[in-house]
Amino acid sequence: MDQLSAGVPVMIHLETHIKQNDDVSDYQLDVDGQLVQMGDNLYLRYLEPDDDTGEKTPVTMKFTPEGEVHLTRNAEAELRLHFISGKRVTARYNTPYGIMPIETVTPYLETSFKERPFSGNVKIDYLLYAGEELVGNYKIRLQFTA
């Protein structure tokens, strides 16, 4: 695990399932990333390409020893989500028009990591709320391998 403090290149496979009202969409991404250990936390970083604009959005997932996951997307609007299994957590969506308070409810969260070869598996099912209104139901499935 010592090499993780300097960062290790990883291959990432991400699948996202989104249900908003009656709309359902699925998204898949295979991308190179980097895994870094800072203190007791692991950070997975990658650039998410936008097929329409060609721009790349920096994404960071932070994994804590307590099993929490923090997701940050730094696009024109900065999104910071915090997942704790079975809890409702306040999050932040920083848009060009101001900060919009949002909340996540995470009924299912599972992370597992292996050392040889270093790899990980992340499963997050969450509900996203703006105020009391349900914005959508999301499922994230992510695997990475060094």
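In short, a report on the structure. (Residues numbered from 1 in each chain as written. Predicted model: local features only at pLDDT ≥ 70, side-chain atom pairs only at ≥ 80, totals over all residues. Heavy atoms only, no water.)

### Remarks on a negative patch on the surface
Where like charges cluster on the molecular surface, the negative patch consists of Asp50, Asp51, Asp52, Glu55 and Glu76. Looking at the element boundaries, Glu76 is found in the loop between strand E5 (69-74) and strand E6 (78-83). (Patch = residues over 30% accessible without salt bridge, like charges linked within 9 Å, V, L, I, M, F, W, Y side chains within 5 Å. Areas by Shrake-Rupley, 256 points an atom, 1.4 Å probe, with all protein chains shown as cover. Salt bridge = Lys/Arg side-chain N within 4 Å of Asp/Glu carboxyl O. Lys, Arg positive; Asp, Glu negative; His and termini not counted. Charge placed at Lys NZ, Arg CZ, Asp CG, Glu CD. Helix = DSSP H or I, 4+ residues; strand = E, 2+ residues; numbered from the N terminus.)

### Focus: the environment of Met61
Tracing the backbone shows Met61 in strand E4 (residues 56-63). Its relative accessible area of 1% is what places Met61 among the buried residues. Sequence separation of Met61 and Thr72 is 11 residues, and the distance between their C-alpha atoms is 6.5 Å. (Buried < 20%, exposed > 50% of the residue type's maximum accessible area, 1.4 Å probe, protein only.)

### Description of the layout of surface pockets
In this structure, the largest pocket occupies an estimated 810 Å³ of space. Looking at the lining of the largest pocket, the elements that each hand over two or more residues are strand E1 (8-20), strand E3 (41-49), E4, E5, E6, strand E8 (98-114), strand E9 (119-130) and strand E10 (133-145). Residue contributions to the lining of the largest pocket peak at 4 residues, all from E1. Grouping the constituent residues of the lining of the largest pocket by class yields 20 nonpolar, 4 polar and 5 charged. (1 Å grid on protein atoms, 1.4 Å probe; cavity = no way out; pocket = protein on both sides within 12 Å on 5 of 7 lines; lining within 4 Å. Points joined across faces, edges and corners; volume = space filled by probe spheres on them. Nonpolar A, V, L, I, M, F, W, Y, C, P; charged D, E, K, R; others polar.)

### Some points on the sheet that holds E5
Reading around the barrel, the 10 strands line up as E1-E2-E3-E4-E5-E6-E7-E8-E9-E10 and close back on themselves, with antiparallel pairing between neighbours. Averaged over all neighbouring strand pairs, the angle between strand axes comes to 25 degrees, with direction disregarded. For E1 and strand E2 (residues 23-38), the ladder comprises 13 bridges, and the chain directions are antiparallel. Residue pairing across strands places Ile18 opposite Ser25, the latter belonging to E2. (Pairing = 2+ DSSP bridges. Axes fitted to C-alpha atoms, helices over the stretch in contact; angles between N-to-C directions.)

### Quick word on the packing of aromatic side chains
Tallied over the full model, the rule gives 5 aromatic pairs. Relative to Tyr138, the ring of Tyr126 has its centre 4.9 Å away and its plane inclined at 10 degrees; by these criteria the two rings are stacked. Placement of the pair is Tyr126 in strand E9 and Tyr138 in strand E10, with a sequence separation of 12 residues. Exposure remark for Tyr126: the relative accessible area of 6% places this residue in the buried category. For Tyr138, a relative accessible area of 10% gives the class buried. Linked through ring pairs, Phe63, Phe113, Phe118 and Phe144 together constitute an aromatic cluster. Stacked on the ring of Tyr129, the Lys or Arg Arg88 has its end atom at 4.3 Å from the ring centre. (Phe/Tyr/Trp six-rings, centres within 6.5 Å; stacked < 30°, edge-to-face > 60°. Lys NZ or Arg CZ within 6 Å of the ring centre and 35° of its normal.)

These values are about where atoms sit, not about what they do.
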